[in-house]
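# Analysis of the macromolecular model
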Amino acid sequence: MKREHQESGRKYPLTGGEGCSSKGKMRDEGRGDGSMDEELAVLGYQVKSSDMADVAEKLVQLDMAMGTVQEDGISHLSCDTIHYNPSDISCWLESMLYELNPCQTSDPNSSFSSIQSPILGQHPQSSIFSSAKQSQFYEDNSEYDLRAIPGIAACKSSGPTPDFQIEGSFKRLKYDSGQISTLPVKSEATDGSVPEPARPLVLVDSQEAGVRLVHTLMACAEAVQNDNLQIADALVKRISLLAVSQAGAMQKVATYFAEGLARRIYKIYPQKSSIDSSYSDILQMHFYETCPYLKFAHFTANQAILEAFAGAAKVHVIDFSMKQGTQWPALLQALALRPGGPPTFRLTEIGPPQPDNPDALQQVGWKLTQFADAIGVEFHYQFVCESLADLEPSMLDIRPGADETVAVNSVFELHRLLAQPGAIEKVLSTVKAIRPKIVTIVEQEANHNGPVFLDRFNEALHYYSTLFDSLEGFALTQSNSKDLVMSEVFLGRQICNIVACEGSERVERHEALAQWRARMESAGFEPVHLGSNAFKQASILLALLSGGDGYRVEETNGCLMLGWHTRPLIATSAWRQAA
Amino acid sequence: MAEGRRTIIGAKKPKFCINDHRDLLVEIMKRLDARSLGVAACVCRLWCSITRNDALWEHLCFRHALSPPSGVRTVVVALGGYKRLYMVCVEPVLSRLGTVKIGLDGDSGGGGTDGDSEVVRRVWRRYGTQLSLSLFSVDYYERLGARPDDSSASSLTFLCEPVNLGRC
């Protein structure tokens, strides 16, 4: 579109449909009758031919105004155009200009409202919003106001309405593969004299419904944060209705978040049942099989450990993650084939006791021993049945005189320690006492541990939306849909934990790589760069995925991150004790 | 009868039968691709036994990659043999070589498909063996715990549509 413009002299560089229209305008400036311009009418725009020059001038002004406004401020315009009925170009232009330069008028609110009437034609002036009666704060952009969502209980028409405050700024969500849209919100508290009636939405397609769904989710979270449980309750029901109209990833994400919110509102916290741990193991196994995140984690961590073990005759790996032990066959095989032959391999698994499956750790050991036997690696296995927070160095059977190279591995486990104060420091000091050659850590790349619920909610919404989007690719190719469903349940449980639980129950306290880096460095570790070998292997692995065209591997400061399109989702890092 | 005898008396040169020259047969089969080997296995019992020879499949696996380090053979045989390695790990990768763009230098869109597939081939030549062996190990490990008739557990189904490893 823009390029087309530049060829025609670049007079009216606009986005979207206006591009064609201005070219048409240039050609038709001669016509002088009062009827609608025909050429533009074909394109869907209604502009009186007599107004053409005026409209053209306004387009130029708009262009200049858009150029001077900071970038942050204009992206909302691309969403707003739907609501402002761009068919009527001259009024639309006026409203855009006023919106961009409110200081041009003496009273922005009154002129804004006066602009609205010609745009929308007649609309019911609802008595709710008769001015000056209630001191209510409204958002400046009323499309993103809840009243745009029809029939909602938030717009109670009778009785004393609650002081409905929408405070704070909503975070901006990135536009991501057409399924979740951008929602900028400027919440400027204006005094209650702005009558903003329910605006009829011009276009309702699935993207539109998606925008409303996301907005409802965020509004509900805000209500929960402010303890407006009645409103939150109504919104949660609205979310379920809206979610049905969506398809694919958006629907699933919305459903899980709605469930989390509902649990939080009604205070029905998911109880830890006795079959929980083996069930979550099974779910994680399916998650491993479906998508590349765990495989990426294992392969990159293994590569770092392999390089650290170069030349060692005896090696000892201490693993915090357990979970069926699928990480270790590949490492054992790589060690078996290294020049010079395999070392003596000792593995210590640490896992919390599982009442429903007490032999879980033992079974993993048997399988791994069988595997190591098959490929000819001398293998010793031991396990420590303790929760990670209770770990002591004495439990680990460290043999300092045996000249062993030690590696510590943790895949998606360390963030759980953040739920108990002091636990992470204790574990890190235990790790230091072991004196490992390398510590590999794989964690989710997101901050779901902020102090404010709403921030956590928004971050999680963005993160899990991206994650579910990436899983959608597999839905098209894999015939084994049971795996996919289980993976989604696995992720859904994480969502539920982040949204609904608090205190020591909330174990999914993900933190971003930068935060882990700070924590490790203050504990006395320094980073080890993951080599290009790991990077290339990870890249090939991702390239092999059917339906995985969106995955990207990135390297930042020696750490590898796996992401979907532009959003990093998982980060692998390696550490050693600072000299 | 008379015609048959006439034919036999008239023939001076013995007919060439490939089945008499097993080494030639093996040489020819070394140059076939996997699908043709499968087809060849259906011809007769001799051909079937030749195609089942793991050495042929070893050759096939490493045709496009660097020659593997010594000791690989014992490991691969222990984990299920070259034929299985090929079917489960190598073949899906190779079939995707032409259609895949790997953003290895941070530039996944440049060049054009020829340049990209060349890059991919080069990278595969260096790292592919390692990767397919790792995946093969994971596959074996998962089969350790599974029942013999349980074919649903496989973390390698992400590579392609489910591969039918029926005995052929």
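Source: prediction; values computed, not measured.

Criteria and thresholds
Residues numbered from 1 in each chain as written. Chains lettered and ligands numbered in written order. Predicted model: local features only at pLDDT ≥ 70, side-chain atom pairs only at ≥ 80, totals over all residues. Heavy atoms only, no water. Helix = DSSP H or I, 4+ residues; strand = E, 2+ residues; numbered from the N terminus. Buried < 20%, exposed > 50% of the residue type's maximum accessible area, 1.4 Å probe, protein only. Contact = heavy atoms within 4.5 Å. Areas by Shrake-Rupley, 256 points an atom, 1.4 Å probe, with all protein chains shown as cover. Pairing = 2+ DSSP bridges. Arc of directions from axis to C-beta. Core = buried A, V, L, I, M, F, W, Y, C linked by side-chain atoms within 4.5 Å. Axes fitted to C-alpha atoms, helices over the stretch in contact; angles between N-to-C directions. Parallel < 35°, antiparallel > 145°, perpendicular 65-115°, else oblique. Left-handed = near helix turned anticlockwise from the far one by under 90°. Nonpolar A, V, L, I, M, F, W, Y, C, P; charged D, E, K, R; others polar. pLDDT = per-residue confidence, 0-100.

## Notes on the overall build of chain B
Each helix and strand counted, chain B has 8 helices and 0 strands in total. If you list the helices and strands of chain B from N to C, you get α-α-α-α-α-α-α-α. Split into buried and exposed, the 168 residues of chain B put 38% on the buried side. The long-range share in chain B, meaning contacts at least 24 apart out of those at least 6 apart in sequence, stands at 59%.

## Regarding the overall build of chain A
From N to C terminus, chain A includes 20 helices and 9 strands. The burial tally for chain A puts 54% of its 579 residues in the buried class. A separation of at least 24 residues holds for 75% of the contacts in chain A among residues at least 6 apart in sequence. Total accessible area on chain A is roughly 24400 Å²; 53% of this is exposed by carbon and sulfur atoms.

## Quick look at the pairing of strand E8 (residues 559-564) of chain A
All names here are of chain A. Within E8, 6 of the 6 residues are buried, leaving the element largely enclosed by the surrounding structure. Side-chain alternation along E8 places Cys559, Met561 and Gly563 on one buried face and Leu560, Leu562 and Trp564 on a second face that is also buried. Relative to E8, strand E7 (residues 551-556) runs antiparallel, the two sharing 6 bridges. Note on E8: the bridge partner recorded for glutamate 554 is methionine 561. Two successive antiparallel strands, E7 and E8, enclose a turn made up of 2 residues, where asparagine 557 displays a positive phi of approximately 55 degrees.

## Quick notes on the environment of B:Val88
Residue and element names in this part refer to chain B. For valine 88, the position within the fold is in helix H7 (residues 82-95). What makes valine 88 buried here is its relative accessible area of 9%. Spatially, the C-alpha atoms of valine 88 and serine 132 are 8.8 Å apart, while their sequence positions differ by 44 residues.

## Side note on the environment of A:Tyr269
Residue and element names in this part refer to chain A. Position of tyrosine 269 among the secondary structure elements: in the loop between helix H10 (249-266) and helix H11 (276-290). Taking the C-alpha atoms as reference, tyrosine 269 lies 8.9 Å from asparagine 497; in sequence the two are 228 residues apart. In this structure, tyrosine 269 is in contact with Arg263 and Ala500, ignoring residues within four places of it in sequence.

## Quick look at helix H6 (residues 72-79) of chain B
All names here are of chain B. Regarding H6, the residues found buried are Val72, Val75, Val76 and Leu79. Viewed along the axis of H6, the buried residues span an arc of 95 degrees, placing them on a single side of the element. Immediately downstream of H6, the backbone of glycine 80 shows phi near 135 degrees, a positive value.

## Side note on the nonpolar core
The nonpolar side chains of a soluble globular protein tend to be buried, and buried together. Counting 128 residues, the largest nonpolar core has A:Phe257, A:Leu261, A:Tyr293, A:Phe345, A:Phe457, A:Tyr464 and B:Leu85 as the members making the most contacts within it. Contact partners of A:Leu261, with chain neighbours within four places excluded, come to A:Leu217, A:Cys220, A:Ala221, A:Val224, A:Val236, A:Ile239, A:Phe453, A:Phe457 and A:Val499. Core analysis: the next-biggest nonpolar cluster, separate from the first, contains 25 residues, A:Leu391, A:Leu396, A:Ala423 and A:Ile441 among them.

## Digging into the packing of helix H9 (residues 229-245) of chain A against H10(A)
Residues and elements named next belong to chain A. Their axes nearest at 9 Å, the elements H9 and H10 cross at an angle of 160 degrees. Taken together, the axes of H9 and H10 are roughly antiparallel relative to one another. Handedness of the H9/H10 crossing: left-handed. Contacts from Leu229, Ala232, Asp233, Val236, Lys237, Ile239, Ala243 and Val244 in H9 reach Gln251, Ala254, Thr255, Ala258, Leu261, Ala262, Ile265 and Tyr266 in H10. Looking at the contact of H9 with H10, its residues break down into 12 nonpolar, 2 polar and 2 charged.

## So, unusual backbone geometry
Unusually for a residue other than glycine, A:Phe412 sits at a positive phi of about 60 degrees. Inspection of the secondary structure puts A:Phe412 in the loop between strand E4 (405-411) and helix H15 (414-417).

## With respect to the confidence of the model for chain A
Residues and elements named next belong to chain A. Averaged over chain A, the pLDDT score is 71; the fraction of residues at 70 or greater is 67%. Here helix H7 (residues 108-120) stands out as the element of chain A with the lowest mean pLDDT, 37, in contrast to strand E5 (residues 438-444), whose mean of 92 is the highest. Scored below 50 in pLDDT, residues 1-33 makes 42 contacts in the model with residues more than four places away or belonging to other chains. The low-confidence segment residues 103-204 (pLDDT under 50) makes 169 contacts with residues lying over four places distant or belonging to another chain.

## Section: the environment of A:Val411
All names here are of chain A. Take valine 411: it is sitting in strand E4. The buried category is assigned to valine 411, whose relative accessible area is 6%. Distance from valine 411 to threonine 440, taken between C-alpha atoms, is 8.0 Å for residues 29 residues apart in sequence.

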